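# An overview of the molecular structure
Below are the chains, spelled out letter by letter.
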Amino acid sequence: VDYESLRSDPSDLRLYLAQLCNVDLPTLTASQRLATLINAYNAIMLGIVVHYDPSESVLELSSIVPEGSIWKHRFGTVGGEKVSLDDIEHGMIRGGLAAEFGAQGRIHAAVNCASL
């Protein structure tokens, strides 16, 4: 990921994150919800890295959030609900949607944990 380019012009990322706030998940098919949630996870992670600019690892940021983990802090909004990365991956995707879609055990490969 070219984080420097994203930092120099985050407008497209911000626009996408704003669109996620109002997405109507219940009206989407299972595959559309899965794609939307995977993209939401990755976009929120990109937003975190662009905004906070950790030098070595996103784990550095865990000390600045009250939950003690960047995966547990609610950085984003999807469909009008404040969500954490854990909420998206473990609650929304692995908590039922992956099974509905037939992708159990393969979701982790689709979400970006932000290698720097």
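Before going into details, it helps to say that this report is about the structure given with it.

Cut-offs used in this document
- Residues numbered from 1 in each chain as written.
- Predicted model: local features only at pLDDT ≥ 70, side-chain atom pairs only at ≥ 80, totals over all residues.
- Heavy atoms only, no water.
- Salt bridge = Lys/Arg side-chain N within 4 Å of Asp/Glu carboxyl O.
- Helix = DSSP H or I, 4+ residues; strand = E, 2+ residues; numbered from the N terminus.
- Buried < 20%, exposed > 50% of the residue type's maximum accessible area, 1.4 Å probe, protein only.
- Phe/Tyr/Trp six-rings, centres within 6.5 Å; stacked < 30°, edge-to-face > 60°.
- Core = buried A, V, L, I, M, F, W, Y, C linked by side-chain atoms within 4.5 Å.
- Axes fitted to C-alpha atoms, helices over the stretch in contact; angles between N-to-C directions.
- Parallel < 35°, antiparallel > 145°, perpendicular 65-115°, else oblique.
- Left-handed = near helix turned anticlockwise from the far one by under 90°.
- Contact = heavy atoms within 4.5 Å.
- Nonpolar A, V, L, I, M, F, W, Y, C, P; charged D, E, K, R; others polar.

### Topic: the pattern of salt bridges
Within this structure, the stated rule accounts for 4 salt bridges. Here aspartate 53 and arginine 7 are joined by a salt bridge, their closest N and O atoms 2.8 Å apart. Here the residue aspartate 53 occupies a position in the loop between α3 (30-52) and β1 (76-78), and arginine 7 occupies one in helix α1 (residues 3-8), the gap between them amounting to 46 residues. With its nearest N and O atoms 2.9 Å apart, the salt bridge here joins lysine 72 to aspartate 86. You can see lysine 72 sitting in the loop between α3 and β1 and its partner aspartate 86 sitting in helix α4 (residues 85-101), a full 14 residues away along the chain. For aspartate 86, a relative accessible area of 18% translates into the label buried. Salt bridges here are not isolated pairs; linked through shared partners, they connect Glu4, Arg7 and Asp53.

### As for the packing of aromatic side chains
What the rule picks out here adds up to 1 aromatic pair. When the centroid spacing of 5.9 Å and the interplanar angle of 70 degrees are considered together, the rings of tyrosine 52 and phenylalanine 75 count as edge-to-face. With tyrosine 52 in helix α3 and phenylalanine 75 in the loop between α3 and β1, the pair connects residues that are 23 residues apart, well separated along the chain.

### Topic: the nonpolar core
Membership of the largest hydrophobic core comes to 28 residues, with the highest contact counts inside it found for Leu37, Ile44, Met45, Trp71, Val78, Leu85 and Ile88. It is α3 that provides the largest number of residues to this core, a total of 13 residues.

### Looking at the packing of helix α2 (residues 11-21) against α3
Interhelical geometry of α2 versus α3 gives an angle of 135 degrees and a closest axis separation of 10 Å. Classified by the angle between their axes, α2 and α3 sit oblique to one another. Where α2 crosses over α3, the two elements pack in a sense that is left-handed. Two secondary-structure elements touch here, α2 through Leu13, Tyr16, Leu17 and Leu20 and α3 through Thr36, Asn39, Ala40, Ala43, Ile44, Leu46, Gly47 and Val50. Of the residues that constitute the contact of α2 with α3, the class distribution is 9 nonpolar, 3 polar and no charged.

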